[in-house]
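# Observations on the three-dimensional arrangement
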Amino acid sequence: MKLTILGCHSATPRINTNPTSQVLEIKNHIFLIDCGEGTQVELRRNKVKFNRIKHIFISHLHGDHYFGLIGLISTFRLLTRETELHIYAPKGLKELVTLQMKLANSWTNYQLIFHELTSHEPELIFEDEKVAVYTIPLDHRIYTNGFLFKEKPGLRKLDMNAAIEADIDMAYFNKLKQGFDVENNKGKLVKNETVTKDPPEPRSYAFCSDTAYNEKLVNSILGVTALYHESTFLEKHEKLTIPTKHSTAKQAASIAKQANVGTLILGHFSTRYDNLDLFKEEAQTVFKHVELAKDGKVFSF
Ligand SMILES: [Zn+2]
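Residues numbered from 1 in each chain as written. Predicted model: local features only at pLDDT ≥ 70, side-chain atom pairs only at ≥ 80, totals over all residues. Heavy atoms only, no water.

### Examining the packing of aromatic side chains
A ring pair, where both rings are aromatic, is described by two values, the distance of the centres and the angle of the planes. Note the following rule: In this scheme Phe, Tyr and Trp rings, the latter by its six-membered ring, pair at centre separations within 6.5 Å, and the angle between planes marks the pair as stacked below 30 degrees, edge-to-face above 60, and tilted otherwise. Using a 1.4 Å probe on the protein chains alone, a residue whose accessible area is under 20% of its type maximum counts as buried, one over 50% counts as exposed, and one in between counts as partly exposed. Look at NZ for Lys and CZ for Arg. If either is within 6 Å of the ring centre and within 35 degrees of the ring normal, a charge sits over the ring.
Summed over the entire model, instances satisfying the criterion amount to 15 aromatic pairs. Measuring from centroid to centroid gives 6.5 Å for F147 and F149, while their planes differ by 50°, and the two rings are tilted. Comparing F147 with F149, the two get one shared label, buried. Three or more aromatic residues joined by ring pairs form one cluster here, namely F31, F57, Y88, F126, F147, F149, Y205 and F301. Over the ring of Y110 we find R81, and its NZ or CZ is 5.4 Å from the ring centre.

Written as structure tokens, this is what we have:
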């Protein structure tokens, strides 16, 4: 899994910082998560192939999370895209995008498919044989979802020498990879675990922005490989988290600790702070494995 941060600041775009957007490469997919203003430029800067983006996940309809979307949809059209594009977003986005296109009389020449979200419970919104994506309902000023991206367990690894030694016909190798016991050439049952090894542990990534401190989300993200959790403020501005429904670095770390995640990635920083190292220091008083998001930074896990 490879995560590229395109933008990780709150509110407005600035010369050196962008609002929220990131790209997750998982199995054969390139998923775009949120699409703040400037996303197109950052996609180009980070050499992400536009036509490989087939699914876009929008957390909520505050501008710093989707103002780049209409431009990107329009650019896809100018690039004569033909591949369909799926957008998973709160109800309302379809109306918003189609109104803009209607007034400009500029329709896409590719299929634009909206999956409008309204549920306040986690739900499965995308699935294929290798990956599943679930919503993570968050507690923000308007309807907001985080997203959980999970690899499915892979096939078991065949120990070729052991399989030959056990006198198993090659025709059964696929069955072995799928976890079945099989009969060998002499009609004797061979236990699967004697000739195969466990596949690598499936990895998972949870994106949680924007949200107030919310212990309810712990259950949805238990043990994820990496958690991106917003930390708009430092603890000294904790009072601001109440009207804005955002979190501090310390609160993000507390969620990471309770959910026993692998790595916590902090982001959605308020533009009031110049020294972001303070976020890491504050979070590490609660949870050790903390990284700071940064525009252009790549995380592999
Ligand atoms: Zn917001």
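Moving on from the coordinates now.
### Points about the pattern of salt bridges
Inclusion rule: By definition, a salt bridge exists where a carboxyl oxygen of Asp or Glu is found within 4 Å of a side-chain nitrogen of Lys or Arg. Each helix is a run of DSSP H or I of at least 4 residues and each strand a run of E of at least 2, with the numbering of both proceeding from the N terminus.
Counted under the stated rule, the structure contains eleven salt bridges. Taking the shortest distance from any N to any O, the salt bridge between E116 and K91 comes out at 3.9 Å. A residue pair is termed long-range when its members are at least 10 positions apart, and E116 in strand β6 (residues 112–117) and K91 in the loop between β5 (85–90) and α3 (93–103) qualify at 25 residues. Owing to a relative accessible area of 32%, E116 belongs among the partly exposed residues under this scheme. A salt bridge links K250 to E235; the nearest nitrogen and oxygen atoms lie 3.5 Å apart. Remark: E235 occurs in the loop between β15 (226–230) and α6 (241–244) and K250 occurs in helix α7 (residues 249–258); sequence separation between them is 15 residues. Residue K250 is classed as partly exposed on the basis of its relative accessible area, which comes to 29%. Residue E235 is classed as partly exposed on the basis of its relative accessible area, which comes to 35%.

### Thoughts on the coordination of the zinc ion
The following threshold applies: We call an atom a donor if it is N, O or S and sits within 2.8 Å of the metal, or 3.2 Å for Na, K and Ca. Water is not counted, so some sites may look partial. Square planar and octahedral sites, with four and six donors, are those where opposite donors lie more than 155 degrees apart and all other angles lie between 65 and 115, tetrahedral sites have four donors with every angle between 85 and 135 degrees, and the rest are irregular.
Coordination of the zinc ion by the protein is provided by H60 (NE2), H62 (ND1), H140 (NE2) and D210 (OD), with metal-donor distances spanning 2.2 to 2.3 Å. For the zinc ion, the four donor atoms in the first shell make angles of 88 to 176° at the metal, a pattern classed as irregular. Read N to C, the donor residues that coordinate the zinc ion are spaced as H-x1-H-x77-H-x69-D. Pair noted here: H62 is in the loop between β4 (53–57) and α2 (69–78) and D210 is in the loop between β14 (204–208) and β15, with a separation of 148 residues, a long-range link. Both residues of the pair, H62 and D210, count as buried.

### Considering the sheet that holds β14
Formally: At least two DSSP bridges between two strands are needed for those strands to be called paired. Between the N-to-C directions of two axes lies an angle of 0 to 180 degrees, each axis being a line fitted to C-alpha atoms and, for a helix, fitted only over the stretch in contact. Here, two residues are considered to be in contact whenever any of their heavy atoms come within 4.5 Å of each other.
Taken in spatial order, the seven strands make up an open sheet running β7-β8-β9-β14-β15-β16-β17, and their pairing is mixed. Where the open sheet ends on each side, the last strands, each with one partner, are β7 (124–127) and β17 (290–292). Direction aside, neighbouring strands of the sheet carry axes that sit 20° apart on average. The pairing of strand β9 (residues 145–151) with β14 spans four bridges and is antiparallel. From the neighbouring strand, F149 faces β14, where its bridge partner is Y205. Each of β16 (263–267) and β17 is contacted by helix α8 (residues 277–284), which is oriented at about 165° to β17, the strand it contacts most.

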